[in-house]
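Spelled out, the chains give:
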Amino acid sequence: MDGQIKKGEKQQILVCPHCGNKAPQEIKCTAYGNEKIEVGPKNDHGWDVKTYTFFVQCQTCLEAAVYWDWDESNELGNLEEATILFPSTKKFSGIPKAIQDSYDEAKKVQKLSPTAFAVLIRKALEYLCREQSASGNTLKEQLDDLAKKNIIPATLSRMANALRYFGNIGAHSIEIKIGPEEAQAMDDFFIAVVEYVYVAPEKLKKLSEGLKLKNSFN
């Protein structure tokens, strides 16, 4: 393996998934394994691959992260190309890319700057309103419009307006600071809103299609 990884790869400069800084990330330990990749309609074809799990420490915040790679990779040992296993970023099913990208951007700075996180979550909420064709000149008016259309229920409307409020504080107030607890609550609220608007309907659609298929055989 050492022959396949560039010299100096044990310490790489990239964005830390914890603190959001672009800083040296040091590979402290590597675990080797084997995994069978199965393909085909009945998993009747496949091949064995060597896998590598990298345990990495950020040299700025000293938090640990875990990355996974395999010997089929074109850049084995390049952490930017590897799959991050921990900490994981919430990936939503069936949501517009702009919302997911905005959320990913916010998560990078959540621990480093809860205030910046609040501003970016508000931005993600604006994307959601745009994607749902909400009417109104302000974010509050747009959220109220989504509630009137029953796109979000009353409870989630209040959650969304709380996100908007904290986002405003983060963007405009120099006296009031957003703390880690408020940032985590905002994260929880945003996930609840997105899962109600996008994820739950998609899951319901797939469940309904599955039930129709089963009933067609009865």
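See above for the structure.
Here's a quick rundown of the structure. These numbers come from a predicted model, not from an experiment.

## Let's talk about the packing of helix H2 (residues 114-131) against helix H3 (residues 139-148)
Now for step 1: Packing of H2 against H3 brings their axes to within 10 Å, and their N-to-C directions diverge by 50 degrees. In terms of orientation, H2 lies oblique with respect to H3. Two packed elements cross with a definite hand, and for H2 against H3 that hand is left-handed. Residues Arg-122, Leu-125, Glu-126, Leu-128 and Cys-129 of H2 form the contact with H3, whose participating residues are Leu-139, Gln-142, Leu-143 and Leu-146.
Now for step 2: Looking at side-chain class alone, the contact of H2 with H3 contains six nonpolar, one polar and two charged residues.

## Regarding H3
Along an α-helix, residues three or four positions apart point the same way, because every turn accommodates 3.6 residues.
Now for step 1: Those residues of H3 that sit buried are Leu-139, Gln-142, Leu-143, Asp-145 and Leu-146. All buried residues of H3 project into a common sector of 155 degrees when viewed along the axis, lining one side.
Now for step 2: Phi turns positive one or two residues past the end of H3, at Asn-150, with a value near 65 degrees.

Rules used in this analysis
- Residues numbered from 1 in each chain as written.
- Predicted model: local features only at pLDDT ≥ 70, side-chain atom pairs only at ≥ 80, totals over all residues.
- Heavy atoms only, no water.
- Axes fitted to C-alpha atoms, helices over the stretch in contact; angles between N-to-C directions.
- Helix = DSSP H or I, 4+ residues; strand = E, 2+ residues; numbered from the N terminus.
- Parallel < 35°, antiparallel > 145°, perpendicular 65-115°, else oblique.
- Left-handed = near helix turned anticlockwise from the far one by under 90°.
- Contact = heavy atoms within 4.5 Å.
- Nonpolar A, V, L, I, M, F, W, Y, C, P; charged D, E, K, R; others polar.
- Buried < 20%, exposed > 50% of the residue type's maximum accessible area, 1.4 Å probe, protein only.
- Arc of directions from axis to C-beta.

Taken by themselves, the reported measurements are silent on function.
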